[in-house]
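Each chain, letter by letter, is given below.
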Amino acid sequence: MSNRQEATDVRYRTHRISDLNAKHVGTALKLSGRVSHIRDHGGISFIHLADGTGEIQIRFNPENFPNFELGREEWMTVGGTLEIRPEGTMNVLNPDIVLPAHELVATSAEVHARPTISLDKLPSLERYTARGKDDRTESRHDEQQGEGVASTVSEEFLLRYRPFSLRRNDLQRALRIRSRVAHHIRSFLQSEGFCEIETPILAAPTPEGARDFLVPSRVYRGSAYALPQSPQIYKQLLMIGGLDRYYQFSRCFRDEDLRANRQPEFTQVDLEMSFVTEDDIIELVTRMLTNLLESIKGATPTLSRPYRFSRMTHAEALASYGTDAPDLRIPYRLISLTEVFRQTAFDTFRKYVEMGGAILGIPIPASDRLGRNEIDRLRTWAKDHGLPQPAWGDRKDGEFISSIGKHFSGQEQGHLVSLMEEGGQIFFAAEATLSDARRVAGQLRPQIAVRSQVTDLERWEFVWITGFPAFERNAEGNLAPAHHPFTDLDLPENPSEDPWQLLETSSRAYDLALNGEELGSGSLRIHDLAKQLQVLKVLGYDEERSRRSFPHLLAGLEYGAPPHGGIALGFDRMISKLLGLDSIRQVIAFPKDGKGRCLMTGSPVRIESEDLRHLGLGIMVSEKDSGA
Ligand code: ASP
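Just so it is clear, the structure is predicted and the values come from calculations on it, not from any experiment.

(A) Up close: the sheet that holds strand β4 (residues 75-84). The strand order around the closed barrel formed by five strands is β1-β2-β3-β5-β4, and the pairing between neighbours is mixed. Averaged over all adjacent pairs, the angle separating strand axes in this sheet is 55°, with direction ignored. When β4 meets strand β5 (residues 102-113), the two strands line up antiparallel, connected through 10 bridges. Its bridge partner lying in β5, Ile84 is registered against His102.

Dropping the structure here:
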């Protein structure tokens, strides 16, 4: 649109703000949006107009607008001409201003809507400053959190008034990046021959380890649909149906006790492929993420960080890092000291060894050694997190120096010294079981890193973990699948004879972790009916119960299934991590709060007795028990 005549003919807009550039100077334009900022300067009003693509300054000269009242958060259409701003008035600090050296000089204006509620009652929309959230390092630098963030509005407020808080630049930026990433993943998978297919939301239960949300049926009283915990069985059936390569941005629903960074509904990038090995899937997803990171490099500072993919076995991850989602930015590794202290005179350690437990050490180099204050902070952290306070020692002039050192024999001290760098330190984790010792040491590692100021944290360390055990003992002491019961594994001859031997069996599952958090998991699947029935049997499902619980999967396997496998990546988690945000709620348009409630709509809502009658249901709990 290039002349005034055309601009006045247009009802709302000739351009979206981000389409404007210096070439439009002198052009008559019409823009529509929201007044995000307003200031008065010697009778001249300046506003920032925001239209979802960016913001621009608009100048209202009083001679053109004699009795014109402007207010923040009004929706309006403004006509005028783009001009260069007078020297020295550029707004370089606001990164959302699309043309900081230009402004639209208004000649016409129409207000479409004004807020009828006082803005003081709504969340602050203060924008992030130039040193905004994107520039922050991640949450582990907890002491520094909040730096550079202009607004400290509470999350409850942001959720309750969500349509209003969505006007914030930080939330809009996150949703736009989310959309770009989704678009990129879609086009990558399309180009690799994947077919996007939606699977049902009103589904039957899937055993993904959580409780199902149920949707009672009105027509079939006493029956219910289950919301899918994942499309696991459906995607396997798609392979049986011959679709060969499937993907979906699938919504998953899990009714579990909410932990801080969980939502009862979340999105996964879910895919499944026929005729693949673990390596094929790992290669494809690595390529997908590499392409993604290369293509959106520069979109935000965190997205421009260097990245690396590596791979290790589950056993290696546990032995060296104490967790199956290791943060490889932190160089410290665990070492086993159980044998060193088997005969020790130091009662505390010997007691654990005698109980069948373990003593682990985390040596750190001289350059990273913690000072007294930092050690005190680490101890306070450990205490606050229910961990035994860590014991530690130093190597100084070739000697082992520690408050517990006097309990150690010369040989024990010599051994420790040989494992430590001169001037370095070692931290100990002693526990009654090896898995507890690993858990404690695994949690200490990043905490030591925060306090030793490991500097190289601004990078993305992806790590594939393979060779998971097929089964584990669950909290109730029963044998349970470590991934899900459809995961392929090397099954012994007669698995039902001694099901516990299956704890030693490794499966064909794999996980992808990013900077210490699981980003996704998948596996090759069992594609043989007899093997699937055997696995279900050791899990306590006889054939009759298996057929009742998974009729569709077992029928599918009866038609014959190609070898297949897949993976699901947590999409909300991926976006929040890549943007360096602490919570997945910051990348979801309408999230639930940390207790599973939607503060905006008030859901979950009390069911009206009329609705209950239709469904043939009654409520058996008192109002007090219902958590209402
Ligand atoms: N269905 C699995 C999950 O949601 C992922 C997979 O095995 O593909 O974790």
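Having seen the model, we can carry on.
(B) Fine view of the environment of Gly520. On the secondary structure map, Gly520 appears in strand β21 (residues 517-524). When its relative accessible area of 3% is taken as the criterion, Gly520 is described as buried. Taking the C-alpha atoms as reference, Gly520 lies 9.5 Å from Asp270; in sequence the two are 250 residues apart.

(C) Molecular detail of the site of the ligand. Near the ligand there are 14 residues, and of these Gln232, Lys235, His483, His484 and Arg525 occur at the shortest range. In the model, an oxygen atom of the ligand is placed 3.3 Å from a nitrogen or oxygen of the His483 side chain. Contacts to the ligand include Arg525, whose side-chain N or O atom sits 2.8 Å from an oxygen atom. When the ligand sits alone it has 270 Å² of accessible area, and the protein chains cover 95% of it. At the level of secondary structure, the elements contributing two or more residues to the shell around the ligand comprise α5 (232-240), β21 and β22 (564-570). Grouping the amino acids of the shell around the ligand by side-chain chemistry returns two nonpolar, eight polar and four charged.

(D) Highlighting the packing of aromatic side chains. Within the structure shown, the criterion is met by 20 aromatic pairs. Ring plane angle 10° and centroid distance 4.3 Å describe the contact between Phe309 and Phe462, whose orientation is recorded as stacked. Note that Phe309 is positioned in strand β11 (residues 307-313) and Phe462 in strand β17 (residues 460-466), a separation of 153 residues in sequence. Directly above the aromatic system of Tyr541 lies the positively charged group of Arg545, at a separation of 3.9 Å from the ring centroid.

(E) Structural view of the nonpolar core. Counting residues in each nonpolar core, the largest one holds 43 residues, and the members touching the most others are Val181, Ile185, Leu189, Val285, Phe571 and Met574. By residue number, the principal contributor to this core is helix α6 (residues 278-295), which donates eight residues. Tyr332, Ala437, Val440 and Leu444 belong to the second-largest nonpolar core, a separate cluster that totals 24 residues.

(F) Structural view of the pattern of salt bridges. Tallied over the entire structure, the rule returns 43 salt bridges. Note that Glu103 and Arg59 form a salt bridge whose closest N and O atoms lie 2.8 Å from each other. With Glu103 in strand β5 and Arg59 in strand β3 (residues 55-60), the pair connects residues that are 44 residues apart, well separated along the chain. The same class applies to Glu103 and to Arg59, which are both buried. In this structure, Lys592 and Glu265 form a salt bridge, with 2.9 Å as the shortest nitrogen-oxygen distance. Highlighted residues: Lys592 in the loop between α15 (571-578) and α16 (609-615) and Glu265 in strand β10 (residues 265-274), separated in sequence by 327 residues. Among the residues examined, Lys592 registers a relative accessible area of 15% and is labelled buried. Of the residues examined, Glu265 reaches a relative accessible area of 23% and is grouped as partly exposed. One salt-bridge network, in which partners are shared between bridges, spans Arg34, Arg72, Glu73 and Arg167.

Rules and cut-offs
Residues numbered from 1 in each chain as written. Predicted model: local features only at pLDDT ≥ 70, side-chain atom pairs only at ≥ 80, totals over all residues. Heavy atoms only, no water. Pairing = 2+ DSSP bridges. Helix = DSSP H or I, 4+ residues; strand = E, 2+ residues; numbered from the N terminus. Axes fitted to C-alpha atoms, helices over the stretch in contact; angles between N-to-C directions. Buried < 20%, exposed > 50% of the residue type's maximum accessible area, 1.4 Å probe, protein only. Near = heavy atom within 4 Å. Polar contact = N/O pair within 3.5 Å; in protein donor to acceptor, adjacent residues only side chain to side chain. Areas by Shrake-Rupley, 256 points an atom, 1.4 Å probe, with all protein chains shown as cover. Nonpolar A, V, L, I, M, F, W, Y, C, P; charged D, E, K, R; others polar. Phe/Tyr/Trp six-rings, centres within 6.5 Å; stacked < 30°, edge-to-face > 60°. Lys NZ or Arg CZ within 6 Å of the ring centre and 35° of its normal. Core = buried A, V, L, I, M, F, W, Y, C linked by side-chain atoms within 4.5 Å. Salt bridge = Lys/Arg side-chain N within 4 Å of Asp/Glu carboxyl O.

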